[in-house]
Amino acid sequence: MGRARRARKIAQTAAFGGGVGAAGIGALGLAGYGLLRIEALMARRIVGQPFDGAPDDEGTYGFGHGDPIRFVVLGDSTGAGMGAEHARQTIGATIANGVAAFSGRPVELTNVAAIGAESLHLDAQVDRALERVPHPDVAVILIGANDVTHRIERSLAVRHLEMAVRRLRDAGAEVVVGTCPDLGAVQPLPQPLRYLARRWSRDLAAAQTVAVVEAGGRAVSVGDLLGEAFSTEPHVMFSQDQFHPSPAGYARVAAALLPTVSAALDLFGERSTPTQPSTWRGEGVGPVAVAASRAVANPGTEVAPTEVAGQARGVHGRWAMIRRRLRPTVAVPQADPVRGDEEPRSEADAVADGTELPLAGTGTAAGLAPDDTPRDGDAMAASR
């Protein structure tokens, strides 16, 4: 079964209140879970636990006129900032500073994330958040890693996440969810634990994306955003415990979330002047399960609800739009007028002069039919 189908099945089971028998243990079975438990015990001997807690990052960030933007962070130790050395190095603080700079308004940050939290704890976190901030403007949720390491039933975890998103949306908040990170990118984890962790975390992230979009939120794939950097500079991107991000790692994750948070708050005017998805950057429109599968494989990808011809749903489910707001540098061939050969240019240069970037896997497979009309079912290439 492909990841898109697994994500759809897990999310559907969550919506109908199913349990382990429907979408839980899955193909790897009880033996896989037993192996994960043994390997996890081994990993804990490798991965240190030098932190007593996380810095308190609550407060007001930025200056400006107008009412403060009310910003709430929920989730696990990543949302709490475990591994950060200073309050202003957390994901919440970094995003708050960015939003304040873009909006010209102060941002009031309330953080109810907790170290060790699972998706099942989100209900209580939403209670605390709405008790303190009855009508937040935006909420960021970072959750999923502990659901994998604690072997929480995926459909149960997804159901609690979806309920949290719906409650926050009902309170008037825009909701952005950083989905489960790819735990297979954590080098201290031995094999076959890394393989199992990668499969489970990616399947959970895809199912989370489906549920979040169905609930009216936006999902951003964290994936193995730190994976390549970890292998080359582990002392820079990860903290002393070799598991939680360092301040530099948190800045990298915040950089992936900030553009989506800003767009959700309409700081760039997208609601009044919407932009079409860019096929050369791998953006497009398609069924949410397929969009979720593609996002998992591309860290920093945003998946948000959209409509096609005025309809929110198609034959294959809810319509969703993929955005690649985190833009890496891409080498683009350009003929040198003097030498006559090709020199690489940055993506920024290409965007400036309108050059189309022929990236692999884009075009029709990225989400648009040849006539730029989304087609249900084949609008996006299905994930393998």
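Coordinates for the structure precede this section.
Scoring rules and cut-offs
All residue numbers here refer to positions counted from 1 along the written sequence of the relevant chain. Under the rules for a predicted model, residues below a pLDDT of 70 receive no local features and side-chain atom pairs below 80 are neither given nor counted, while totals for whole chains, interfaces and linings still include all residues. Side-chain numbers here rest on the full set of heavy atoms in the structure, without hydrogens or water. Only runs of H or I of at least four residues qualify as helices and only runs of E of at least two qualify as strands under DSSP, and these elements are numbered from the N terminus. Burial classification: accessible surface area is computed with a 1.4 Å probe over protein chains only, and a residue below 20% of its type maximum counts as buried, one above 50% as exposed, and the rest as partly exposed. Contact criterion: two residues are considered in contact whenever any of their non-hydrogen atoms come within 4.5 Å of each other. The protein chains shown are the only cover counted for residues, whose accessible areas, like all others here, come from Shrake-Rupley with a 1.4 Å probe. Each aromatic pair joins two rings of Phe, Tyr and Trp (for Trp, the six-membered one) with centres within 6.5 Å, and gets the label stacked for planes under 30 degrees apart, edge-to-face for over 60, and tilted for any other angle. Two conditions define a charge located above a ring, namely a distance within 6 Å from the ring centre to NZ of Lys or CZ of Arg, and an angle within 35 degrees of the ring normal. Angular values range over 0 to 180 degrees, each being the angle between N-to-C directions of two axes fitted as lines to C-alpha atoms, with helices fitted over their stretch in contact. With respect to orientation, any angle under 35 degrees is reported as roughly parallel, any angle over 145 as roughly antiparallel, any angle of 65 to 115 as roughly perpendicular, and every other angle as oblique. By convention, the crossing between two helices is left-handed when the near helix turns anticlockwise from the far helix through less than a right angle, and right-handed when the turn is clockwise. Salt bridges are identified by distance alone: a Lys or Arg side-chain nitrogen within 4 Å of an Asp or Glu carboxyl oxygen. Directions are taken from the helix axis to each C-beta atom, and the arc is the one they span. The residue classification treats Ala, Val, Leu, Ile, Met, Phe, Trp, Tyr, Cys and Pro as nonpolar and Asp, Glu, Lys and Arg as charged. All others, Gly included, are polar. Only when DSSP finds a minimum of two bridges between them are two strands counted as paired. What a helix is expected to span follows from its residue count: subtract one and scale by 1.5 Å. In this description, a nonpolar core means a group of buried Ala, Val, Leu, Ile, Met, Phe, Trp, Tyr and Cys residues linked to one another through side-chain atoms lying within 4.5 Å.

Asker: Help me understand the overall build of the protein chain in this model?
Answerer: The helix and strand tally for the protein chain stands at 14 helices and 12 strands. Scored against the burial criterion, the 384 residues of the protein chain give a buried share of 53%. Counting only contacts in the protein chain whose residues sit at least 6 apart along the sequence, the fraction spanning at least 24 positions is 76%. Working note: accessible area of the protein chain is about 16,900 Å², and carbon and sulfur atoms make up 52% of it.

Asker: Help me understand the packing of aromatic side chains in this model?
Answerer: Geometrically, a pair of aromatic rings is defined through the distance of the ring centres and the angle of the planes. Taken as a whole and assessed by the stated rule, the structure comprises 1 aromatic pair. Sitting over the ring of W280, R281 keeps its end group 5.1 Å from the ring centre.

Asker: Mind showing me how you'd approach the environment of S293 here?
Answerer: Checked against the element boundaries, S293 lands in helix α13 (residues 288-296). With a relative accessible area of 3%, S293 lands in the buried category.

Asker: Honestly, the packing of helix α6 (residues 122-132) against helix α8 (residues 154-170) in this entry has me stumped. Any pointers?
Answerer: Each pair of packed helices can be summarised by the angle the axes make with each other and by the distance between the axes. Interaxial distance between α6 and α8 falls to 9 Å at its minimum, and their mutual angle equals 15°. Relative to α8, the element α6 is oriented roughly parallel. Crossing angle aside, the handedness with which α6 passes α8 is right-handed. Residues L122, D123, V126, D127 and L130 of α6 pack against H160, L161, A164, R167 and L168 of α8.

Asker: Looking at this structure, I do not really get the pattern of salt bridges. What am I missing?
Answerer: Close approach of charged atoms lets side chains of opposite charge pair. Scanning the entire structure with this criterion turns up 15 salt bridges. A salt bridge links D203 to R154; its shortest N-O distance comes to 3.5 Å. Taken as a pair, D203 in helix α9 (residues 193-214) and R154 in helix α8 lie far apart in primary sequence, 49 residues in all. Note on R154: relative accessible area 9%, which makes it buried. Among the ionic pairs, E283 bridges to R281, the shortest N-O distance being 3.1 Å.

Asker: Could you clarify how one ought to interpret α6 in this entry?
Answerer: The α-helix winds at 3.6 residues per turn, so residues separated by three or four positions along the chain end up facing the same way. Within the span of α6, buried status applies to L122, Q125, V126, A129 and L130. Seen along its axis, α6 keeps its buried residues to an arc of 125°; they face one direction. Residues of α6 that are buried in the fold lie against β2 (69-75), β4 (138-142) and α8.

Asker: What should I look at first to understand the packing of helix α5 (residues 91-103) against helix α12 (residues 247-264) in this one?
Answerer: Contact geometry for α5 and α12: axes closest at 9 Å, N-to-C directions at 40°. It follows from the interaxial angle that α5 and α12 lie oblique. In the packing of α5 onto α12, the handedness of the crossing is right-handed. Facing I91, T94, I95, G98, V99 and F102 of α5, the residues of α12 in contact are Y250, V253, A254, L257, L258, V261 and S262. In terms of residue class, the contact of α5 with α12 is built from 10 nonpolar, 3 polar and no charged.

Asker: I would appreciate a short explanation of the pairing of strand β5 (residues 174-178) in the present structure.
Answerer: Consecutive side chains of a regular strand alternate in pointing toward one face of the sheet and then the other. Counting buried positions over the 5 residues of β5 gives 5, a clear majority of the element. Here β5 shows two buried faces, one formed by E174, V176 and G178 and the other by V175 and V177. Direction of pairing for β4 relative to β5: parallel, over a ladder of 5 bridges. Note that in β5 the partner of A139 across the bridge is V175. Bridge count between β5 and strand β6 (residues 218-220): 3 bridges; the pairing is parallel. Within the sheet, the bridge partner assigned to G178 lies in β6 and is V220.

Asker: Please explain unusual backbone geometry as it appears in this structure.
Answerer: Glycine aside, the phi torsion of most residues is negative, and most peptide linkages are trans. Here the phi dihedral of D266 falls at roughly 60°; this positive angle occurs in a residue that is not glycine. You can see D266 is positioned in the loop between α12 and β7 (284-287). In this structure, A309 is a non-glycine residue whose phi angle is positive, near 55°. Within the secondary structure layout, A309 lies in the loop between β8 (302-305) and β9 (313-314). A relative accessible area of 78% means that A309 is categorised as exposed.

Asker: Is there a simple way to explain α5 in this structure?
Answerer: Helix length check: α5, at 13 residues, gives a terminal C-alpha distance of 18 Å against a target of 18 Å (1.5 Å per residue), a fit within 8%. Those residues of α5 lying buried are I91, G92, A93, I95, A96, G98, V99 and A100. Buried-residue contacts for α5 involve β1 (59-61), β2, α4 (77-80), β3 (107-111), β4 and α12.

Asker: Looking at this structure, I do not really get the nonpolar core. What am I missing?
Answerer: Burial of nonpolar side chains together is a common tendency in soluble globular proteins. Counting residues in hydrophobic clusters, the biggest one holds 29 residues, and the most contacted among them are F71, I91, I95, V99, V140, L257 and V261. Of all the secondary structure elements, the ones that give two or more residues to this core are β2, α5, β3, β4 and α12. Sort the elements by how many residues they give to this core and α12 lands first, with 7 residues. Dropping the residues within four chain positions of it, V140 is found in contact with F71, V72, V73, L74, I95, V176, L257 and V261. The next biggest cluster of nonpolar side chains, apart from the first, holds 24 residues, and it includes L183, A205, A206 and V303.

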